[in-house]
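Each chain, written out:
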Amino acid sequence: MKPVPHATSLRRAPVQRRSAERLTRILDACADLLDEVGYDDLSTRAVAQRAGVPIGSVYRFFGNKRQMADALAQRNLERFTARVTERLKGAAGGGWRAAMDAVLDEYLAMKRTAPGFSLVDFGNQIPVGARHAEPNHRVADRLTDLLSGYIDREPDEDLRRTFLIAVETADTLVHLAFRVAPEGDERIIEEAREMLRAYLARVLD
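Note that the structure is predicted; figures quoted are calculated from it, not measured.

Chemist: Quick one: what's the story with the overall build of the protein chain, residue by residue and with numbers?
Modeler: When you go through the protein chain residue by residue, the secondary structure sums to nine helices and zero strands. Residue pairs at least 24 apart in sequence account for 65% of intrachain contacts in the protein chain once pairs closer than 6 positions are excluded. Here the protein chain displays about 10400 Å² of accessible surface, and carbon together with sulfur accounts for 50% of that area.

Chemist: Please set out the pattern of salt bridges residue by residue, giving values where relevant.
Modeler: A complete count under the given rule lists 22 salt bridges for this structure. A salt bridge links R138 to E134; its shortest N-O distance comes to 3.5 Å. Of the two residues, R138 and E134 both sit in helix 7 (residues 134–147), four residues apart, roughly one turn of that helix. Residue R193 is joined to E190 by a salt bridge in which the shortest nitrogen-to-oxygen separation is 3.5 Å. Taken together, the residues R193 and E190, both in helix 9 (residues 186–204) and three residues apart, mark about one turn of the helix.

Chemist: Mind laying out the packing of helix 8 (residues 157–180) against helix 9, listing which residues take part and the relevant values?
Modeler: Where helix 8 contacts helix 9, the two axes come as close as 9 Å, and the packing angle between them is 170°. Looking at the two axes, helix 8 sits roughly antiparallel to helix 9. Between helix 8 and helix 9, the contacting residues are L159, R161, T162, I165, A166, T169, A170, L173, L176, A177 and V180 on the first element and I188, I189, A192, M195, L196, Y199, L200, V203 and L204 on the second. Of the residues that constitute the contact of helix 8 with helix 9, the class distribution is 17 nonpolar, two polar and one charged.

Chemist: Residue-level account of the nonpolar core, with values.
Modeler: If you look at the biggest cluster of nonpolar residues, it comprises 36 residues, and the most contacted ones within it are F80, F122, L143, L147 and L200. When contributions to this core are tallied by element, the ones reaching two or more residues are helix 4 (65–89), helix 5 (95–113), helix 7, helix 8 and helix 9. Leaving out residues up to four positions away in the same chain, L200 has contacts with W96, M100, T162, A166 and D205. Formed by 24 residues, the second largest nonpolar core is a distinct cluster that contains F61, L72, A73 and V120.

Chemist: Give me the lowdown on the side chain of T81, citing residues and values where you can.
Modeler: Structurally, T81 is set in helix 4. The class for T81 is buried, based on a relative accessible area of 13%. Residues in contact with T81, not counting those within four places in the same chain, are R142 and L146.

Calculation criteria
Residues numbered from 1 in each chain as written. Predicted model: local features only at pLDDT ≥ 70, side-chain atom pairs only at ≥ 80, totals over all residues. Heavy atoms only, no water. Helix = DSSP H or I, 4+ residues; strand = E, 2+ residues; numbered from the N terminus. Contact = heavy atoms within 4.5 Å. Areas by Shrake-Rupley, 256 points an atom, 1.4 Å probe, with all protein chains shown as cover. Salt bridge = Lys/Arg side-chain N within 4 Å of Asp/Glu carboxyl O. Axes fitted to C-alpha atoms, helices over the stretch in contact; angles between N-to-C directions. Parallel < 35°, antiparallel > 145°, perpendicular 65-115°, else oblique. Nonpolar A, V, L, I, M, F, W, Y, C, P; charged D, E, K, R; others polar. Core = buried A, V, L, I, M, F, W, Y, C linked by side-chain atoms within 4.5 Å. Buried < 20%, exposed > 50% of the residue type's maximum accessible area, 1.4 Å probe, protein only.

Structure (structure tokens):
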């Protein structure tokens, strides 16, 4: 079964498998409609119709479309974490450079292929253009916990600050790359990769 958001993203957490599957359909429909109509024209009724569920099923989990977008962002983070974890299984012994490539490459892959991701991301694009600090702190904390053992470093505040700076830098430059070109301008992406390597080498080597 596909991952669903943490219970705190929902009005009511799914308990039974059927309920969890219905929630997955709702979020899948939300993601597809975000790509098709954007956030402003998204509605809970349209999501219910696309998902093939009664409108009451949507309201069972979400009070409004903002909560639905937040839950989709949380699911994106869970899937991103799973993808990075799987990628690192095949890069044992690669150190922080392999870890950085895994994180950046999986983020780029989701930007290019995950429905609704270009608007929702990990929570910093809804309403469109809003880029609050909290989502990047959440991503940095997740990466600290995930990667500290892989790179043999203590998950202390110094490492969290290092990853937060790297996440903020990558976030800004990747969004620039995708504003310049629909699939991400490769030259900007490579510049971002080199900047991250230079910064992390100074801190982690």
